[in-house]
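# Descriptive structure summary
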Amino acid sequence: MITIFFRVMIILIIRMTRRNKIRISHTETHKLLLLLTKCCLTSMDINGILHVVVVLRKLAMPVAGGVPCVGSTFFMPVSERKYYMAKNFLTYEQQLHILEYDKQLAIPNHEYATKKLEELSYYSLIGGYKSLFKHAPSNKYIHGVTFDELVSFYYFDEELRTLFLKYILHVERHIKSMFSYHFCEKYGEQQSMYLDINNYNHTRKNHHELLRLTHSIQKVIATPSKYAYIEHSVNTYHNVPLWVATNALTFGQISKMYQYATTDIRTKISKNFQNVSEKQLHQFINIIGKCRNVCAHGERLISFRINETNPDTQLHQKLQIMKNNNHYIYGKQDLFAVVIALRYMINNDEFRLFKTALSKLIKTVIKQCPHLTEKQLLDNMGFPANWDKISRYRKI
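Note that the structure is predicted; figures quoted are calculated from it, not measured. (Residues numbered from 1 in each chain as written. Predicted model: local features only at pLDDT ≥ 70, side-chain atom pairs only at ≥ 80, totals over all residues. Heavy atoms only, no water.)

## Comments concerning the overall build of the protein chain
A tally of regular secondary structure across the protein chain gives 17 helices and 6 strands. In the protein chain, buried positions account for 44% of the 396 residues. Looking at the protein chain alone, contacts between residues at least 24 apart form 66% of all its contacts between residues at least 6 apart. Counting every atom, the protein chain has about 22,000 Å² of accessible surface; 53% of that belongs to carbon and sulfur. (Helix = DSSP H or I, 4+ residues; strand = E, 2+ residues; numbered from the N terminus. Buried < 20%, exposed > 50% of the residue type's maximum accessible area, 1.4 Å probe, protein only. Contact = heavy atoms within 4.5 Å. Areas by Shrake-Rupley, 256 points an atom, 1.4 Å probe, with all protein chains shown as cover.)

## Quick look at the packing of helix 6 (residues 147-187) against helix 13 (residues 278-296)
Viewed as axis vectors pointing N to C, helix 6 and helix 13 meet at an angle of 135°, and their least axial separation amounts to 10 Å. The angle between helix 6 and helix 13 falls in the class oblique. Crossing of helix 6 over helix 13 shows left-handed handedness. Where helix 6 approaches helix 13, its residues Arg 161, Phe 164, Leu 165, Ile 168, Leu 169, Val 171, Glu 172 and Ile 175 are matched on the opposing element by Leu 281, Ile 285, Ile 288, Cys 291, Arg 292, Val 294 and Cys 295. Per-class residue counts for the contact of helix 6 with helix 13 are 12 nonpolar, no polar and 3 charged. (Axes fitted to C-alpha atoms, helices over the stretch in contact; angles between N-to-C directions. Parallel < 35°, antiparallel > 145°, perpendicular 65-115°, else oblique. Left-handed = near helix turned anticlockwise from the far one by under 90°. Nonpolar A, V, L, I, M, F, W, Y, C, P; charged D, E, K, R; others polar.)

## Looking at the packing of aromatic side chains
The full count for this structure, using the stated rule, is 15 aromatic pairs. Plain terms: the ring middles of Tyr 129 and Phe 153 are 5.8 Å apart, the flat faces sit at 75° to each other, and that makes the pair edge-to-face. With Tyr 129 in helix 5 (residues 122-129) and Phe 153 in helix 6, this residue pair connects regions lying 24 residues apart in the sequence. You'll find Tyr 129 and Phe 153 in the same group, each marked buried. (Phe/Tyr/Trp six-rings, centres within 6.5 Å; stacked < 30°, edge-to-face > 60°.)

## With respect to unusual backbone geometry
Residues Thr 223 and Pro 224 are joined by a peptide bond in cis, for which omega reads 0°. Examined against the element boundaries, Pro 224 turns out to sit in the loop between helix 8 (207-221) and helix 9 (228-237). Located in the positive-phi region is Gln 104, a residue other than glycine, with phi close to 60°. Relative to the assigned elements, Gln 104 resides in the loop between helix 3 (92-102) and helix 4 (110-120). Located in the positive-phi region is Gln 320, a residue other than glycine, with phi close to 55°. Along the chain, the position of Gln 320 falls in the loop between helix 14 (314-318) and strand 5 (323-324). Accessibility expressed as a relative area gives 70% for Gln 320, which makes it exposed.

## Description of the nonpolar core
In terms of nonpolar packing, the biggest core is built from 101 residues, with Phe 147, Phe 153, Phe 164, Tyr 194 and Leu 342 touching the most fellow members. Broken down by element, the residue count for this core peaks at 18 residues, all from helix 6. Not counting residues up to four positions away in its chain, the partners in contact with Phe 164 are Cys 291, Cys 295, Leu 301, Leu 335, Val 338, Val 339, Leu 342, Phe 354 and Leu 358. (Core = buried A, V, L, I, M, F, W, Y, C linked by side-chain atoms within 4.5 Å.)

## As for helix 13
The end-to-end C-alpha distance of helix 13 is 26 Å, a good match for the 27 Å that 19 residues give at a rise of 1.5 Å each. The secondary structure elements touched by the buried residues of helix 13 are helix 6, helix 11 (251-260), helix 12 (263-270) and helix 15 (335-345). Gly 298 lies just past helix 13 and shows a positive phi near 70°. (Expected span 1.5 Å × (residues − 1).)

## Digging into the environment of Phe 183
With respect to the element layout, Phe 183 can be found in helix 6. Residues Phe 183 and Ile 269, 86 residues apart in the sequence, show an inter-C-alpha distance of 9.7 Å. Ignoring sequence-local partners within four residues, the contact set of Phe 183 consists of Gly 188, Met 193, Tyr 194, Asn 199, Tyr 200, Leu 242 and Ile 265.

## Topic: the confidence of the model for the protein chain
Looking at the protein chain as a whole, the pLDDT averages 85, with 78% of positions reaching at least 70. The low-confidence segment residues 41-84 (pLDDT under 50) makes 86 contacts with residues lying over four places distant or belonging to another chain. (pLDDT = per-residue confidence, 0-100.)

## What about the environment of Ile 362?
Turning to its location among the elements, Ile 362 is positioned in helix 16 (residues 348-368). C-alpha of Ile 362 to C-alpha of Phe 156: the two residues are 206 residues apart in sequence and 8.1 Å apart in space. With residues up to four places along the chain from it excluded, the contact list for Ile 362 reads Phe 156, Leu 377, Leu 378, Met 381 and Trp 387.

## Describing the pattern of salt bridges
Enumeration over the complete set of coordinates arrives at 14 salt bridges. Here Asp 102 makes a salt bridge to Lys 140, at a shortest N to O gap of 3.7 Å. Note that Asp 102 is positioned in helix 3 and Lys 140 in strand 4 (residues 140-141), a separation of 38 residues in sequence. With a relative accessible area of 26%, Lys 140 lands in the partly exposed category. Taking the shortest distance from any N to any O, the salt bridge between Lys 268 and Glu 185 comes out at 3.4 Å. You can see Lys 268 sitting in helix 12 and its partner Glu 185 sitting in helix 6, a full 83 residues away along the chain. (Salt bridge = Lys/Arg side-chain N within 4 Å of Asp/Glu carboxyl O.)

Dropping the structure here:
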């Protein structure tokens, strides 16, 4: 059966290359057949070979005006000499078979593993957390790693999101309160004031951004509204004061309002946070907002990274974080940057509770995942080894 299969594949390759006027060398054909062999050997059973559909694709312009082959199961960029396999539907049994026999992941309890795949999905569980448990050169799991370790790590990340979100929401509430207070202190309580772009730092550069911002705010306070307090304010007072509107505004919208607020308002708000300038506060709000979105949408937090940069602080220096090209390697664009932001933006008692809970989560997952070292985990999170000493230093 296998011999017939390969004969058919060779014929298909020849026909496709001739029909589409593509020149494929014997070496390239041989490489493709080796890939087919591997596919056959790793199939669930011999009948699975009959369901393999092979399509060759060359990602370069065919000669003599031909058109490229189309397909998705296999394609071969000739210039790179790499082969890729598309993601096909697999049953839970097939998924576990590949994990156990191809990827060499230990699965002590297949019934438990199947239930977890049903609850969490292969992509969320395996796709999201496999890298720390794999031997990169072989692309197989480190010897002895179990399915249970991946599950424990998944729930660690889930609890991590819950913890960070709890204290980020405290920051969000504080920022909303301070912004509505100081804005209304200067401009009054009429909604027309915070919808007027001239009451912000209005320049030609940010004109369109301000229009977009105020338009989005107008949509939030428009009726009919899904928020009862908005409906009540409009129907009773024909006005939605900012301190009412902020409850319905997103942290992203509040962040933009702070970004474009006049300097005097930004400065007054920043004074509520010890030793934080109005520019630093904007950077802290931005990175915390990005982390909030990850947490709220259930995305992977363990490897959180952003393009924006956290400001340099005295805490970076006191923790003696190393530098690369004059830039701190931790606490700038990673999850530890969020920890530093929280250190400045929540009070000391709250931060101690946060740090204690975070430390406990880290110690617990290290015990549950014996093939994962604390150094590996902290590096992946963007934490220095002495991260837990952060509360020893004053926020200066």
